[in-house]
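Chain by chain, the residues:
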Amino acid sequence: MSKAWIFDFDGTLVHSETLITQCFQRITKQLAPQRVKIAQKILIGPPLRQTVAEILGSPEHPLIDDFISAFIQLHDDRVLTHTKPYPYADDTLKKLYRQGIKMAIATNKRVAPTQKIINHFGWEKFFIQVECSDSTPSLRSKNEMISTIISKDSDFKGSYFVGDTVNDGLSANDNSLPFIKASFGYGRKQDWSQIKILLSVDDFKAIETFVVNHGG
C-alpha cells in the first residue's frame, strides 16, 4: 500500500505570508503602535493567539481578544484574493490523489479560512482529513493534530509529513513520521539543527520525483 501524506497548509501548500503579515502590521499600528517592529518580524505559522501574544508582549494583554477579532475580520475578508497555491502544488496533489494515496492536512490556521481556500481551489476531494487548531473546542498543537489524524486512520501511522517550520519538524519527529522540509516556506531563518529531516525540497516538483522514486 502506498504511504500516506500529511501536509501543513500556510507556507507549505499555499503562500499567504504577505496577507497575514499585512494584517498583523495594520492591526498593530491601530492597537499597539509601539510594537510595530515586532509585528514586522513575526514568524508566520504558530497559532493565532500565540502570535498575537508575542506581538503584544503578553498572553494576558488586555487587547489580545480585540486584536484577534480584528485580525479574523480583516484576514478572512481578503483571504481568497491574497492566497495562492505554491507552484506545482495543485498538479502534485492531483497526481497523488490519482495514485490512491491518502492525504490529510494539519494546520494552525483556523477552520473557516482553511476550508474557504480548499474549496476555492477545488481541493476538497484530495484530503480525507483536515485538522485545524480550532477543529475542536480546545485549541490543539500541531503535534496533537497529527496524533488525531493517525488515531482516526492507522494508514497515516508512519506517513510523510511536509511542513515549513521547526515546529512542523518537531511535531513530525514526536509522532515518528518521516519529515520533509518545505524549504520554500516561512521557516527559512529558523534553527533546524535539532530536527530530523528526511528530505528538504525547493518545490513540489521535488516531491513528485520523490514519489516516483519511492513508490509513494
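Criteria and thresholds
- Numbering of residues starts from 1 in every chain and runs along the sequence as written.
- With the structure being a predicted model, the display of local features is reserved for residues of pLDDT at least 70 and the display and counting of side-chain atom pairs for 80 or more, all residues being used for whole-chain, interface and lining totals.
- Hydrogens and waters are ignored; side-chain quantities use all the structure's heavy atoms.
- Helix and strand assignments come from DSSP, with helices taken as H or I runs of at least 4 residues and strands as E runs of at least 2, each series counted from the N terminus.
- Residues are treated as being in contact if the distance between any of their heavy atoms lies within 4.5 Å.
- Each residue's exposure class comes from its accessible area (1.4 Å probe, protein chains only) as a fraction of the maximum for that residue type: buried when under 20%, exposed when over 50%, partly exposed otherwise.
- Here the rule is simple: two strands pair whenever DSSP picks up at least two bridges between them.
- Every crossover in which the path from the first strand over the helix to the second runs clockwise, viewed with the strands pointing away from the viewer, is termed right-handed.

Along the polypeptide, D164 turns up in the loop between β6 (160-163) and α8 (166-174). For D164 and I150, which are 14 residues apart along the polypeptide, the C-alpha to C-alpha distance reads 20 Å. Excluding residues that lie within four positions of it along the chain, D164 makes contacts with D8, D10, G11, T12, A182, G185, Y186, G187, Q190 and W192.

Alternating residues of β6 divide into Y160 and V162 and F161 and G163, and every residue in both groups is buried. Bridge count between strand β1 (residues 5-7) and β6: three bridges; the pairing is parallel. Its bridge partner being in β6, I6 is matched across the sheet by F161. Strand direction decides the pairing type here: β6 and strand β7 (residues 179-182), joined by three bridges, are parallel. When the sheet's bridge partners are listed, V162 is paired in β7 with I180. The parallel pair β6 and β7 is bridged by α8, and the resulting crossover is right-handed.

Take α8 next. Residues V166, D168, G169, S171 and A172 constitute the buried set of α8. Looking at the packing, one finds that the buried side of α8 touches α7 (142-152), β6 and β7. Positioned one or two residues after α8, S176 has a phi angle of 60°, which is positive.

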